[in-house]
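# Descriptive structure summary
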Amino acid sequence: MNAKRLKIAVTRKLPDAVEARLADLFDVIFNPDDVLLDRGALIARAREADVLASTLGDQLDAVFFAQAGDRLKLVANFGAGVDHIDLAAARAKDIIVTNTPSVLAEDAADMAMALILAVPRRLVEGVRALEMGAFQGWSPTWMLGRRVRGKKLGIIGLGRVGQAVALRARAFGLSIHYHNRASINPHVEEELEATYWESLDQMLAHTDIVSVNCPHTPATYHLLSRRRLELLQPHAYVVNISRGELIDEDALADLIAAGRLAGAGLDVFENEPSANPKLMAAPNVVLLPHMASATVESRLEMGECVIINIKMFADGHKPPDRVISGIL
Ligand code: DGY
């Protein structure tokens with residue numbers, strides 16, 4: 001395929017440098033207004049392009065692929081998560097799907113670690129108290145949080161991001177426990193001094209802080225169900241920078257309100273951009289607007305990944321970040 005004539009439809013505004021490079025290489029339709037395209041607009045773009053540079057928020061489901069026409073050959077997603085893409089429907093039409101899996105792991109892990117510190121140490125509550133004029137001077141008993149050092153961190157999904165979280169957590173004196181479908185490479189396990197739990201239920205019952213770091217797939221929807229959240233100890237905290245759908249948010253809010261869980265730090269929600277009002281109202285919950293990968297560096301590198309995937313495809317090679325299943 002001739003790279004110069006390959007037509008790319010980009011669904012959202014990307015960093016300027018990324019758009020400039022795309023425009024150098026290809027014939028590109030941009031979305032300068034950065035408005036989320038509705039289904040009709042998305043399908044119209046796809047029908048006139050060889051490549052769709054999509055991102056989180058674009059609903060690329062079976063209906064989309066059925067109506068996307070025959071020209072579309074590659075969906076080059078700007079982002080690691082692909083739960084908004086029906087991979088089977090894409091495969092059925094021989095459309096390749098790529099993502100940007102490796103470049104955002106470190107920044108995402110920083111955000112998970114920030115939440116692991118922020119919730120037990122009540123950082124946001126402290127800022128709010130100061131802003132509201134509630135600081136009367138130091139007191140032996142005011143604004144007491146819980147010590148992080150010595151606690152057990154249970155990581156659900158010890159992949160790229162999970163391992164980066166584990167490395168940071170070790171430096172803060174947490175011990176590492178993890179649940180995956182299978183145990184990881186023993187050398188990595190040894191380096192992290194990580195304990196593998198085949199049973200997620202058993203791990204949850206034994207950990208003090210849970211960090212959710214696995215992808216959202218049909219199999220992991222509400223992985224932290226009400227039943228599983230109830231297995232956690234009352235002093236436990238839940239941190240999630242992956243996808244909101246992994247946790248039954250209502251159950252989480254109820255258990256926190258009832259004092260059956262100590263708090264939560266969430267960068268993602270079940271119904272983005274809306275955040276659960278019960279969680280918004282809880283003092284011991286820190287909510288962030290899906291910003292774990294929001295650094296200039298990550299977003300430029302994600303753009304670079306998208307360009308490399310498209311360029312390899314244009315040159316007749318297999319793009320490096322082909323997504324085979326929803327598992328990252
Ligand atoms: C992803 O990459 O899927 C993140 O959630 C957005 O950066």
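The shown structure was predicted, so the numbers you read here are calculated from the model rather than taken from an experiment.

Let us look at the pairing of strand S9 (residues 209–212). Burial along S9 is two-sided: the face carrying Ile-209 and Ser-211 and the face carrying Val-210 and Val-212 are both buried. In terms of strand pairing, strand S6 (residues 152–156) meets S9 through 4 bridges, oriented parallel. The partner of Ile-155 across the bridge, within S9, is Ser-211. Bridging between S9 and strand S10 (residues 237–240) involves 4 bridges; their strand directions are parallel. Residue Ile-209 lies in a different strand from S10, and its bridge partner there is Tyr-237.

With that settled, consider unusual backbone geometry. In this chain, Glu-272 is followed by Pro-273 through a cis amide linkage whose omega measures 10°. Structurally, the position occupied by Pro-273 is in the loop between strand S11 (263–266) and helix H12 (277–281). If you check the backbone angles, Glu-193 has positive phi at about 45° while not being a glycine. Relative to the elements of secondary structure, Glu-193 occurs in the loop between helix H8 (186–192) and strand S8 (194–196). Judged by its relative accessible area of 52%, Glu-193 falls in the exposed class.

So, about the packing of aromatic side chains. Under the counting rule described, the total for this entry stands at 3 aromatic pairs. A ring pair is formed by Phe-64 and Phe-65, whose centres lie 5.0 Å apart and whose planes are at 80°; its orientation type is edge-to-face. Of the two residues, Phe-64 and Phe-65, both sit in the buried class. With a centroid separation of 5.8 Å and 20° between ring planes, the pair formed by Phe-135 and Trp-142 is classed as stacked.

Before going further, it helps to spend a moment on the layout of surface pockets. Of the pockets and cavities examined, the second largest pocket occupies roughly 160 Å³. Residue lining of the second largest pocket: Leu-87, Ala-90, Arg-91, Ile-95, Ile-96, Val-97, Arg-322, Val-323 and Ile-324, and that is the complete set. Of all the elements in the fold, those that place two or more residues in the lining of the second largest pocket are helix H4 (87–92) and strand S5 (96–98). The element best represented in the lining of the second largest pocket is H4, accounting for 3 residues.

Moving on, we come to empty space enclosed by the protein. Applying the stated criterion to the full structure yields 1 cavity of 30 Å³ or more. The volume enclosed by the largest cavity comes to roughly 40 Å³. What lines the largest cavity is Ala-118, Val-119, Arg-122, Leu-123, Val-124, Glu-125, Pro-283, Asn-284, Val-285 and Val-286. Secondary structure elements with two or more residues in the lining of the largest cavity: helix H6 (123–131) and strand S12 (285–287). Top element by residues in the lining of the largest cavity is H6. It accounts for 3 residues. Within the lining of the largest cavity, the residues separate by chemical class into 7 nonpolar, 1 polar and 2 charged.

All right, on to helix H5 (residues 105–118) then. Side chains that are three or four residues apart share a direction in an α-helix, a result of its 3.6 residues per turn. Here H5 spans 20 Å end to end across 14 residues, near enough to the 20 Å set by a 1.5 Å rise per residue. Among the 14 residues in H5, 10 count as buried, and that is most of the element. Those residues of H5 that sit buried are Ala-105, Asp-107, Ala-108, Ala-109, Met-111, Ala-112, Met-113, Leu-115, Ile-116 and Ala-118.

A word on the domain arrangement of the protein chain. It is common to give the size of an interface as the accessible area lost on bringing the parts into contact. We note that the domain assignment places domain 1 (3–103 + 295–314) and domain 2 (105–287) within the protein chain. A separation of 32 Å is found between the C-alpha centroids of domain 1 and domain 2. Domain 1 puts 8 residues into the contact, and the matching count from domain 2 is 6 residues. Viewed at the interface, domain 2 and domain 1 are joined by 1 salt bridge. The salt bridge involving Arg-243 is made with Asp-83; its shortest N-O contact spans 3.1 Å. Counting across the interface, domain 1 meets domain 2 through 4 residue pairs in polar contact (both at pLDDT 80 or more). Taken together, the residues that form the side of domain 1 that touches domain 2 break down as 3 nonpolar, 4 polar and 1 charged.

Rules used throughout
- Residues numbered from 1 in each chain as written.
- Predicted model: local features only at pLDDT ≥ 70, side-chain atom pairs only at ≥ 80, totals over all residues.
- Heavy atoms only, no water.
- Buried < 20%, exposed > 50% of the residue type's maximum accessible area, 1.4 Å probe, protein only.
- Helix = DSSP H or I, 4+ residues; strand = E, 2+ residues; numbered from the N terminus.
- Pairing = 2+ DSSP bridges.
- Phe/Tyr/Trp six-rings, centres within 6.5 Å; stacked < 30°, edge-to-face > 60°.
- 1 Å grid on protein atoms, 1.4 Å probe; cavity = no way out; pocket = protein on both sides within 12 Å on 5 of 7 lines; lining within 4 Å.
- Points joined across faces, edges and corners; volume = space filled by probe spheres on them.
- Nonpolar A, V, L, I, M, F, W, Y, C, P; charged D, E, K, R; others polar.
- Expected span 1.5 Å × (residues − 1).
- Domains from an automatic or database assignment.
- Contact = heavy atoms within 4.5 Å.
- Salt bridge = Lys/Arg side-chain N within 4 Å of Asp/Glu carboxyl O.
- Polar contact = N/O pair within 3.5 Å; in protein donor to acceptor, adjacent residues only side chain to side chain.

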